[in-house]
Amino acid sequence: MAEQESLEFGKADFVLMDTVSMPEFMANLRLRFEKGRIYTFIGEVVVSVNPYKLLNIYGRDTIEQYKGRELYERPPHLFAIADAAYKAMKRRSKDTCIVISGESGAGKTEASKYIMQYIAAITNPSQRAEVERVKNMLLKSNCVLEAFGNAKTNRNDNSSRFGKYMDINFDFKGDPIGGHINNYLLEKSRVIVQQPGERSFHSFYQLLQGGSEQMLRSLHLQKSLSSYNYIHVGAQLKSSINDAAEFRVVADAMKVIGFKPEEIQTVYKILATILHLGNLKFVVDGDTPLIENGKVVSTIAELLSTKTDMVEKALLYRTVATGRDIIDKQHTEQEASYGRDAFAKAIYERLFCWIVTRINDIIEVKNYDTTIHGKNTVIGVLDIYGFEIFDNNSFEQFCINYCNEKLQQLFIQLVLKQEQEEYQREGIPWKHIDYFNNQIIVDLVEQQHKGIIAILDDACMNVGKVTDEMFLEALNSKLGKHAHFSSRKLCASDKILEFDRDFRIRHYAGDVVYSVIGFIDKNKDTLFQDFKRLMYNSSNPVLKNMWPEGKLSITEVTKRPLTAATLFKNSMIALVDNLASKIDYCGRKEPYYVRCIKPNDKKSPQIFDDERCRHQVEYLGLLENVRVRRAGFAFRQTYEKFLHRYKMISEFTWPNHDLPSDKEAVKKLIERCGFQDDVAYGKTKIFIRTPRTLFTLEELRAQMLIRIVLFLQKVWRGTLARMRYKRTKAALTIIRYYRRYKVKSYIHEVARRFHGVKTMRDYGKHVKWPSPPKVLRRFEEALQTIFNRWRASQLIKSIPASDLPQVRAKVAAMEMLKGQRADLGLQRAWEGNYLASKPDTPQTSGTFVPVANELKRKDKYMNVLFSCHVRKVNRFSKVEDRAIFVTDRHLYKMDPTKQYKVMKTIPLYNLTGLSVSNGKDQLVVFHTKDNKDLIVCLFSKQPTHESRIGELVGVLVNHFKRVTSNRVRAKKKVCVIQWKSKYESQEGAESSAHGGTENSGVGLEPGELGRSRRPGSWRGQRITETPRGAWSFS
Ligand SMILES: Nc1ncnc2c1ncn2[C@@H]1O[C@H](COP(=O)(O)OP(=O)(O)OP(=O)(O)O)[C@@H](O)[C@H]1O
Ligand SMILES: [Mg+2]
């Protein structure tokens, strides 16, 4: 059951009609047609109404909507049927077929093309080149066949004048791998004559309108259509067809399909030959018929690659073998004309059959090995000429309508008869529904010995002159009592029928009056052997191959060929058998049907001619189709599929049932909904009586679907969130483990590298630290500090206790002056008390020591921190030698020249800081609380110029650190006066001290420094820090 279409478009499936009646059927059909919904289902049959306008419903989007969908999932469409047939074929690896029926102009050929396009579009997803080639051939073959087999009729501008059944072969994957076309009875009489308003086959017009000047010249043709007798009837007709454009399309298609250039050329030559033949005129000279326009004969001979006299002979004479003698019997004028027309028809028919054979040669499945490629399956598409009633119906219409009777019979057999049999098979109580069984008409035509075809054949076999009237007489006498046959003789009051000319058959689709004129000839389909030989003897190999029977010698006795009607009958029987063999799919016994309806005779997209449509609905048996489909049971479905669709309605079946069988589950579901009185349970299927029940089920389903969708969305969102959560968690775990791994491997690496540092000479100083992960940067710093401390402790451990104060002093000096002064004197041993050390002052130490001892006694110092000679420059620029003596209590300034007489005593607690320069000089400023800074230059005698500034600073800082319990507060770390004066350029502090005449600051008396620190007073110096307070102790 189709869905997804609102009811404003009518009912998508006729089985859902409230009452099965013609008015309701027609109202629904009309409503849908007017709303542009040209397709409607009857179960699995598609009813199609020709829209006579281009609809945007065959594009890629629509194809995607139908691809792989079940029939009931989408609105009715050809694609739904095509997909169902394709799926059926693929799922079960069984052949299927689609039968398209309807009267002329109802849209069968269009439908068949859309079906093929759909199949081509949904197959070969892997784009295999060979499959693409085959698909292209199959699609292109259509336009070639239409050019040569279709014509404009009063019913249809592009009427198929032949029947076509096309098999498409698929490999086991479901991709098209080839095909085969069966063609049925071409209406070849159209080549020589057309009814008013009609045209001959498109190919003639296409050649004349589309062929180049040069091509036409080579074919001795001119563009004017009315110049040719065979086609001049329809020459002036207006039609929607663009012949010139089509010519190019067809030529291109022939090329693509694989026609060789000489073959295409021969095709045009044959068309030209036919046009020229039509213009041949015979005149009688006495008893002898002559050809009036002999030039045409030579043209024909040239086109057929044969000799002019042979063509002329074949047209005017007939070679007859009487016993052993061969004589040329001259034609009468009438015979010559008949022979000419028969020849024209025959070569056109032969051309058409040859084209089909050539296409088949090319599209045929090749190199297919079922053991390698799997089973090769087939979808057959039947597009055959529709039932037609013309003003003048002849032998061809008789055959065409018989063909439609056969197909209707197949429909009845399968859809109406077997449908009812299904109820019986399923054990459903069933009241038989009547339908018109056209078997009686089929029998009227084809029954052996008694049917019209048999009577016609009998007539044709009679020796002597047999006329069409004699055939009609035979019909009258043999079928006089048949309910579906009549003639004027049988019903004298029926003025519509002409005496001795017409007979009427009451077809399933309506009464058709046939004129017997031409029946005998057309059935005999005589073509004089001379023409066959003429063609066989052509030097054009393509032509020669078309006429193999021409090689028979005149004297050879051939079997009487089957008549045209019998050939057609046999082909129809074979066709129906073929179709019947392709419809056994999963218990269903129907082909897929497309029932085409023609809405009006004006080819108008607006008009829905109720009467015309009702007539077609009637004769197509559509109402019966609906009735049988739903008589009592509008719907049936296998239990499995039913459950699949409706199981969400009941808690017993959702999501899966645990009952013994699907049938039990369906029963439970139906009872739960309260529909038990409206259904019947077959052996494998459930049958639902009224559409209302089905609607209610659908509504319930739709309501549940919303909840299911919400539920699914909920679950799915939950799933997504959980998945996201899990992913994030996993990522975090990975990160954690990775970090742990990095940390561990760092620690291990550190441990590895520093393993045994204790025993190394430098305690691991040379060991390179591995680079730590980011997270351990600070840890590394701490670790390095710990390591350095450890290393330091190890180093310190090895230093004797007596050296420790010196080490501390050096450390203190380094902390204070590192990077500020070049030489801190760290490399040498710090004597400290240089005045007492003999090398420094060999002559004077003797005098200094008692002074120092006296001071110790007097001032009670414990340790001597530093002593040294110094120099200072007084205000008169006189250099004076002095000495400083620093104890743990005082700083003394002494005069070495006067036995180290103390000149000044500064208690150490009065010292507030030191300033030193960053040059090589040994200038030092002792800052005092009372601002009487002492400024001196250290001066060493032994060795000369030994740098002692570092030592002085280190000793003092170390001392103050100790006495103040390490609470030395460095207000400013740097206590360095940087000057880039000449002192720096001069070598050594001594020289600077001696020659420092320019430096008014150096050697200033305490208290004067403050003044001298005015900008510019330290000429050439850049003072970066104020000496005062630059470095203080507290
Ligand atoms: N689905 C369609 N969409 C648009 N136009 C259509 C459609 N089907 C048919 N037609 C129109 O109707 C015309 C006749 O259709 P088509 O040739 O298929 O009829 P037919 O049933 O094959 O007739 P015949 O028995 O004479 O061959 C087309 O040429 C086209 O103009
Ligand atoms: Mg057609």
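This text follows the structure it describes.
All of these numbers come straight from a predicted model, not from anything done at the bench.

Colleague: Sorry if this is basic, but what is going on with the pairing of strand β25 (residues 923-928) here?
Modeller: Within a regular strand, side chains alternate between the sheet's two faces. With respect to burial, β25 is a largely interior element, 6 of its 6 residues being buried. Residues Leu923, Val925 and His927 line one face of β25 and the alternating positions Val924, Phe926 and Thr928 line the opposite face, and both faces are buried. Across 5 bridges, the pairing between strand β24 (residues 911-917) and β25 is antiparallel. The residue of β25 that forms the bridge with Leu914 is Phe926. The antiparallel hairpin formed by β24 and β25 contains 5 residues in its connecting segment.

Colleague: Whenever I open this one, the sheet that holds strand β18 (residues 679-681) confuses me. Can you help?
Modeller: One key point about sheets: their strands pair by backbone hydrogen bonds, in either a parallel or an antiparallel sense. Read from one edge of the open sheet, 3 strands run β17-β19-β18, paired in antiparallel fashion. If you trace the sheet from one side to the other, it starts and ends with β17 (635-638) and β18, each paired once. Put simply, the sheet's adjacent strands are angled 15 degrees from each other on average, direction ignored. Here β17 pairs with strand β19 (residues 685-688) via 4 bridges, running antiparallel. Note on β19: the bridge partner recorded for Thr638 is Lys685. Against the sheet, helix α24 (residues 639-646) touches β17, β18 and β19, its axis set at about 100 degrees to β17. Along the sheet, helix α25 (residues 662-673) contacts β18 and β19; its crossing angle with β18, the most-contacted strand, is approximately 165 degrees.

Colleague: Where do I start with the coordination of the magnesium ion (ligand 2) in this structure?
Modeller: For a metal with four donors in a tetrahedral arrangement, the ideal angle between donors is 109.5 degrees, while six donors in an octahedron ideally sit at 90 or 180 degrees. Distances from the magnesium ion (ligand 2) to its protein donors, Thr109 (OG1) and Ser160 (OG), fall within 1.9 to 2.1 Å. With a gap of 51 residues between them, Thr109 in helix α4 (residues 108-122) and Ser160 in strand β5 (residues 159-160) connect regions that are remote in the sequence. Each member of the pair, Thr109 together with Ser160, is buried.

Colleague: Just checking my understanding: could you explain the site of ligand 1 for this structure?
Modeller: The environment of ligand 1 is formed by 19 residues, the closest being Ser104, Lys108, Thr109, Ser159 and Ser160. In the environment of ligand 1, a nitrogen atom lies 3.0 Å from a nitrogen or oxygen atom belonging to the side chain of Tyr58. Measuring from an oxygen atom of ligand 1, one finds a side-chain N or O atom of Asn156 at 2.9 Å. Here ligand 1, which alone exposes 620 Å², has 88% of that area covered by the protein.

Colleague: So what exactly am I meant to see when it comes to the pattern of salt bridges here?
Modeller: Between side chains of opposite charge, pairing is possible as soon as their charged atoms come close. One pass over the full model with this rule turns up 46 salt bridges. Overlapping salt bridges bring together Glu103, Lys598, Asp601 and Arg612 as one network.

Colleague: So what exactly am I meant to see when it comes to the sheet that holds strand β6 (residues 163-170) here?
Modeller: Spatially, the 7 strands line up as an open sheet ordered β1-β2-β16-β3-β12-β6-β7, and their pairing is mixed. The sheet is open, and its two borders are formed by β1 (39-42) and β7 (176-184), each paired with just one other strand. The average undirected angle you get between the axes of adjacent strands in this sheet is 15 degrees. Relative to strand β12 (residues 377-383), β6 is paired through 7 bridges, and the arrangement is antiparallel. Looking at the pairing, Met166 lines up with Val381 of β12. In this fold helix α1 (residues 22-34) packs onto β1, β2 (45-49) and β16 (592-597), with an angle of close to 145 degrees to the strand it touches most, β1.

About the criteria used
Positions within a chain are numbered from 1, following the residues in the order the chain's sequence is written. Lettering of chains starts at A and numbering of ligands starts at 1, both following the order in which they are written. With pLDDT at 70 or above as the cut-off, local features in this predicted model cover only qualifying residues; side-chain atom pairs require 80 or more to be listed or tallied, and sums for whole chains, interfaces and linings still use all residues. Side-chain figures throughout are based on the complete set of non-hydrogen atoms in the structure, without hydrogens or water. Remark: exposure states derive from per-residue accessible area (1.4 Å probe, protein chains only) relative to the maximum for the residue type, with buried under 20%, exposed over 50%, and partly exposed in between. Put simply, DSSP marks the helices as runs of H or I at least four residues long and the strands as runs of E at least two long, and each gets a number from the N terminus on. In this scheme, strands are said to pair when DSSP sees at least two bridges between them. In this analysis an axis means a line fitted to C-alpha atoms, helices contributing only their contacting stretch, and an angle means the value between N-to-C directions, from 0 to 180 degrees. Two residues qualify as a contact provided that any one of their heavy atoms is within 4.5 Å of a heavy atom in the partner residue. For Na, K and Ca the donor cut-off is 3.2 Å, while for other metals it is 2.8 Å, and in both cases only N, O and S atoms qualify; water is not among them, so sites may look incomplete. Here a residue is considered near a molecule or strand provided that any single heavy atom belonging to it is located within 4 Å of it. Here a polar contact is recorded for every N or O atom pair within 3.5 Å, except that within protein the pair must consist of a potential hydrogen donor and a potential acceptor, and residues adjacent in sequence are included only if both atoms are side-chain atoms. Values of accessible area rely on a 1.4 Å probe in the Shrake-Rupley scheme; residue burial ignores everything except the protein chains shown. By definition, a salt bridge exists where a carboxyl oxygen of Asp or Glu is found within 4 Å of a side-chain nitrogen of Lys or Arg.

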